[in-house]
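Results of the structural survey
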Amino acid sequence: MKNQEEMGKHMSEETKPRMVKSHDINLDSDYVNWIHDVKQRYISTQIKAAVKVNTERLYFNWQLGRDLVERKAEEKWGKGIVEQLSLDLQNEFPDAAGFSARNLWNMKKWYLFYSSSDTFLELAHTIENNLDLNSLKLQQVGAEIGVDQKLHQAGAEIEFPAIFGFVPWRHHVEIVTKCKTIEEALFYVRKTIEEVGAEVHLLIVLKLIYINHQVMHLPILRKSFLLYKENSHRKS
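Residues numbered from 1 in each chain as written. Predicted model: local features only at pLDDT ≥ 70, side-chain atom pairs only at ≥ 80, totals over all residues. Heavy atoms only, no water.

Look at helix α5 (residues 101-115): 21 Å from first C-alpha to last across 15 residues, which is about the 21 Å you get at 1.5 Å a residue. Listed as buried for α5 are Ala 101, Asn 103, Leu 104, Asn 106, Met 107, Lys 108, Trp 110, Tyr 111, Phe 113 and Tyr 114. (Helix = DSSP H or I, 4+ residues; strand = E, 2+ residues; numbered from the N terminus. Expected span 1.5 Å × (residues − 1). Buried < 20%, exposed > 50% of the residue type's maximum accessible area, 1.4 Å probe, protein only.)

Here's what the structure looks like:
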């Protein structure tokens, strides 16, 4: 109990504002506004970087699912190949999450679900063209990856739609697990982006930042989220 109290006291002291004592200083409202802007810009930079990482990871999942499908991995290397691949990846990257056999099967299912449709890309592009990303305020969480921008892809593979980058991985898995058709799945992809995409994505991003130690402790994450919410309300 004593250690917890000391830790809480230490963390609260870390978050208190610090004042320069060795020089004369006069803090006015202009400084307060400026430092607020600096903090917002730094948080925005952190979020943009994390969103980029998250989108690239989704694209990695898409590619790995494609490999398992296109290479006909089970026919070529045996029915246990996904489990073997899982063990090899976890051994090589012990600190990385997402390489369980179950998750690899989900990657294959995700790619296979969409690639089996001839109308998939046409429908996805229609959604991209109809979505008003500015009104959804997705740019506030680092959605600088515009719908016109394509990730580097080989010419023969099924294109990774830009809108997929705005949907967290667990939502993708749930959508393809529960939906029967491409049209139904893309309907829920769009709904996820429109209704919960920005805020859910922000929470994923903040968790990602924390995991990767880009910020040092939980109070900063809480402050980042509160600053984001404050800024969102001001602009709405």
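Once the structure has been displayed, the description carries forward.
Averaged over all residues, the pLDDT of the chain equals 75, while 61% of them reach at least 70. In the model of the chain, helix α1 (residues 2-15) stands out as the element of lowest mean pLDDT, 51, in contrast to α5, which has the highest, 96. With pLDDT under 50 throughout, residues 139-151 is counted as low confidence; its partners more than four residues away or in other chains account for 34 contacts. (pLDDT = per-residue confidence, 0-100. Contact = heavy atoms within 4.5 Å.)

Looking now at a nonpolar patch on the surface. A contiguous nonpolar patch, built from Leu 27, Tyr 31, Val 32 and Trp 34 and spanning about 380 Å² of accessible area, is present on the exposed surface. Mapped onto the secondary structure, Val 32 falls in helix α2 (residues 29-70). (Patch = residues over 30% accessible without salt bridge, like charges linked within 9 Å, V, L, I, M, F, W, Y side chains within 5 Å. Areas by Shrake-Rupley, 256 points an atom, 1.4 Å probe, with all protein chains shown as cover. Salt bridge = Lys/Arg side-chain N within 4 Å of Asp/Glu carboxyl O.)

Before going further, it helps to spend a moment on unusual backbone geometry. Apart from glycine, the bulk of residues carry a negative phi angle, and the bulk of peptide bonds sit in the trans form. Non-glycine residue Lys 72 carries a positive phi angle of around 50°. Along the polypeptide, Lys 72 turns up in the loop between α2 and α3 (73-77).

Take the side chain of Asn 103 next. As for its placement among the helices and strands, Asn 103 is situated in helix α5. A residue is classified by how much of its surface remains accessible, and Asn 103, at 14% relative accessible area, is buried. Setting aside its immediate chain neighbours within four residues, Asn 103 contacts Gly 98 and Trp 169.

In this section: the pattern of salt bridges. Using the criterion set out here, one finds four salt bridges in the structure. Lys 108 is the salt-bridge partner of Glu 74, the closest N and O atoms lying 2.3 Å from each other. Of the two residues, Glu 74 is situated in helix α3 and Lys 108 in helix α5; the sequence distance between them amounts to 34 residues. A salt bridge links Lys 178 to Glu 174; the nearest nitrogen and oxygen atoms lie 3.0 Å apart. Of this pair, Lys 178 and Glu 174 are both found in helix α7 (residues 169-178), four residues apart, which corresponds to roughly one turn of the helix. On the basis of relative accessibility, which here comes to 56%, the residue Lys 178 falls in the exposed class. Look at Glu 174 and you get partly exposed, because its relative accessible area is 39%.

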